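# Examining the three-dimensional arrangement
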Amino acid sequence: MRLRVQWKWMASFIFLLLLLLIIQGYLLHFLKKSFLLSSLLSLIILIPLAYFLARSFTRPILEVTQKAIQLVSSTFDREVQVNSRDELGSLSKAIGEMGIQLRNKIEEISKEKDYLQTVLKGMMEGVLVVDGRGRILMVNDALRNVLSLTSDVTDKMPLEVIRNAELEAAITNVVRQGKTEALELSVTVPGGRIFEVNVVGILPSLNSTVKGSEGVRGAVAVFHDITRLKELEKIRQDFVANVSHELRTPLTTIKGYAETLLEGALKEEVASQFVQVIKRHTDRLTKIVEDLLVLSKIESKEFQMKIEVIPLPDFISDVIDFIKEAAEKKKISISQSKIPSSLAVEADRNYLEQVLINLLDNAIKYTHEGGGVMISAIGKDQREIQFSIEDNGIGIPKEDIPRIFERFYRVDKGRSQELGGTGLGLSIVKHLVQAHGGKIWVESQLEKGSTFYFTLPKRSEPIHL
Ligand code: ADP
């Protein structure tokens, strides 16, 4: 096979030489032995033949060259037919096949790249990829957004982008040793974020000859945002601590009085007073547990409301009747603004009653004797009704207002406990208003009074919290 082109060349050369000799012999005979003339004529006859023979040799070379050029410029989309059956033909065929395989491979790689880009774009987690030198190759959109990156970070060290030495050390370790690392990371972006970061090495392919950490080609760090999880964990811990604390105080008192009674005070005059204290603290415990149960019910998935149309003038009069006795005890007047007779709201009757009673109860509790409370309801626009409960009581300090709806938050714990408060009333109110799709807020001035506002949509769609 290897000799075929050489044989062709040799055979052609000998053929041309023989032909030259034969033609010249004939011409010498016919042209009366004029050697110069016969040589000239035989050359003229043989030149076109030599030209066609040379062309048949160079054509395959040109075709192979053309294929190679197409390969380089990646426009290899149709096969170039080379008819030569010698080595040049085989070379041309091999280049052709190489081209097709190359094109298929490129298509495959670009498809895989597209899939990867789509996956990275759709990921909620942040992804950072570094090369074997520990320099950034790419950062996905999620991480870009969370870190508010605006410029190109390619080829930078991770430390230049996220100022955290622990992360940098973890990435370096993975790149050097090929191990997997996990760490918790606090990032000082606005609002602060906490991530759980897993860093894994990019290992060589299975059939690579390089083994172990030698072959680590880089690392991928995946950032899971656990800020919300941490917040919830903190809320849960605080809640458990608060509940334990709230329950422990009355329990300690009950235990103390019960023990004193057992130790002999049972027969003394103070016994009935002690039992009264025990009863008061037991009531308090019961109230805390009941309020906690209400809160957990509102937050549960099974929480359901029975929405009905409630005409407001009658409804508000009924609520005032319910709370009247407590107000009269403190000589507090409760009035209602003129509510249009046609004003109605779609809500759960029991829960709306609970919202208003809690707010009125607070207004009475935190208003001095002889004060006044005013309740009103107005249709704000076609879609909303705004309620307000206004008192001229002790008011709420400015700095406490943002926290007033938190569980167990009380401005004056002693006063609240004295008045039988649990610190859960406003939290229940807020949850119930939100479950109806409404909003709640407060305006207050110390020693002047407070006004609690809440809105309810006229047509209520229950919202699961
Ligand atoms: P509590 O059972 O202590 O009343 P709430 O959740 O109902 O708990 O209220 C939380 C705190 O908000 C109260 O302890 C009190 O300090 C303050 N507060 C609520 N309503 C009023 C009001 N109308 N005037 C002044 N302070 C109020």
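Coordinates for the structure precede this section.
Quick look at the structure, then. Small disclaimer: the values here were computed from a predicted structure and weren't measured. All residue numbers refer to position in the chain's written sequence, counted from 1. Selection of residues for local features in this predicted model requires a pLDDT of at least 70, selection of side-chain atom pairs for listing and counting requires 80 or more, and totals for whole chains, interfaces and linings are taken over all residues. Side-chain metrics in this entry use all non-hydrogen atoms of the structure; hydrogen atoms and water are not considered.

## Looking at the packing of aromatic side chains
We count it as follows: For Phe, Tyr and Trp, where Trp contributes only its six-membered ring, two rings pair if their centres lie within 6.5 Å, and the inter-plane angle classes them as stacked under 30 degrees, edge-to-face over 60, or tilted in between. Secondary structure follows DSSP: runs of H or I at least 4 residues long count as helices, runs of E at least 2 residues long count as strands, and numbering of each begins at the N terminus. Throughout, exposure labels follow a simple rule: accessible area from a 1.4 Å probe, protein chains only, divided by the maximum for the residue type, with under 20% read as buried, over 50% as exposed, and the rest as partly exposed. Cation placement over rings: the criterion is NZ of Lys or CZ of Arg within 6 Å of the ring centroid and within 35° of the ring normal.
Evaluated as defined, the whole model comprises 8 aromatic pairs. Ring geometry for Phe387 and Phe454: centres 4.6 Å apart, planes at 5°, overall stacked. Within this pair, whereas Phe387 is found in strand S10 (residues 384-391), its partner Phe454 is found in strand S12 (residues 449-457), the two being separated by 67 residues in sequence. The buried category is assigned to Phe387, whose relative accessible area is 0%. Positioned above the aromatic ring of Phe239 is the side chain of Arg407, whose terminal nitrogen or guanidinium carbon lies 5.1 Å from the ring centre.

## A few points about helix H8 (residues 271-299)
To keep things clear, this is the line we draw: For a helix, the expected span equals 1.5 Å multiplied by the residue count minus one. We call two residues in contact whenever any of their non-hydrogen atoms come within 4.5 Å of each other.
With 29 residues, H8 should reach 42 Å at 1.5 Å per residue; the first-to-last C-alpha distance of 42 Å fits that figure. Listed in full, the buried residues belonging to H8 are Ala271, Phe274, Val277, Ile278, His281, Arg284, Leu285, Ile288, Asp291, Leu292, Leu295 and Ile298. On the buried face of H8, the contacting elements are helix H7 (227-262), helix H11 (413-418) and helix H12 (425-435).

## Details of helix H6 (residues 165-177)
Heads up, the rule is: Our arc is simply the arc of the directions from the helix axis toward the C-beta atoms. Polar contact is defined as a pair of N or O atoms within 3.5 Å, subject to the rule that within protein one atom must be able to donate a hydrogen and the other to accept it, and that residues adjacent in sequence are counted only when both atoms are side-chain atoms.
Its 13 residues place the ends of H6 18 Å apart at the C-alpha level, agreeing with the 18 Å of an ideal helix rising 1.5 Å per residue. Those residues of H6 that fall on the buried side of the exposure criterion are Leu167, Glu168, Ala170, Ile171, Val174 and Val175. Projected down its long axis, H6 shows its buried positions confined to an angular sector of 165°, all on one face. For H6, the exposed residues set more than 90 degrees away from the buried face come down to Ala165, Glu166 and Arg176. The opening residue of H6 is Asn164, an N-cap whose side-chain oxygen sits 3.0 Å from the backbone nitrogen of Glu166. Two residues or fewer past H6, Gly178 is found with a positive phi of approximately 75°.

## Thoughts on the sheet that holds strand S9 (residues 372-379)
Convention followed: Two strands form a pair only when DSSP identifies at least two bridges running between them. Angles run from 0 to 180 degrees between N-to-C directions of axes, and those axes are lines fitted to C-alpha atoms, restricted for helices to the stretch in contact.
Strands sit in the order S7-S9-S10-S12-S11 across an open sheet of 5 strands; the sheet is mixed. Each edge of the sheet is formed by a strand with only one pairing partner; in this case those strands are strand S7 (333-336) and strand S11 (440-445). If you compare each strand with its neighbour and ignore which way they point, the axes differ by 15° on average. When S9 meets S10, the two strands line up antiparallel, connected through 7 bridges. Within S10, the position partnered with Met374 by the bridge is Glu390. Along the sheet, helix H9 (residues 312-329) makes contact with S7, S9 and S10, crossing S7 at roughly 175°.

## Quick notes on the site of the ligand
Heads up, the condition is: Only a single heavy atom is needed: when it lies within 4 Å of a molecule or strand, its residue is near that molecule or strand. Areas reported as accessible are Shrake-Rupley estimates using a 1.4 Å probe. Residue values count occlusion only from the protein chains shown.
In the region of the ligand, 21 residues are neighbours, and Asn362, Tyr366, Ser416, Thr422 and Leu426 sit closest. Side-chain polar atom of Asp391 to a nitrogen atom of the ligand: 3.0 Å apart, as the coordinates give it. Within the backbone of Thr422, a nitrogen or oxygen atom sits 2.8 Å from an oxygen atom of the ligand. When the ligand sits alone it has 520 Å² of accessible area, and the protein chains cover 97% of it. Secondary structure elements with two or more residues in the shell around the ligand: helix H10 (349-365), H12 and S12. Here the shell around the ligand takes 3 residues from H10, the largest share from any one element.

## What to know about the nonpolar core
Proteins that are soluble and globular tend to have nonpolar side chains buried together. Definition in use: As used in this record, nonpolar core signifies buried Ala, Val, Leu, Ile, Met, Phe, Trp, Tyr and Cys residues forming a set joined through side-chain atoms within 4.5 Å.
Core analysis: the largest hydrophobic core is formed by 52 residues, its most contacted members being Leu312, Leu352, Leu356, Phe387, Ile389 and Phe454. Top element by residues in this core is H10. It accounts for 9 residues. Setting aside residues no more than four positions away along its own chain, Phe387 makes contact with Leu312, Ile316, Leu356, Ser376, Ala377, Phe452, Tyr453, Phe454 and Leu456. Among the nonpolar cores identified, the runner-up in size contains 25 residues, and Leu147, Val187, Phe195 and Ala219 belong to it.

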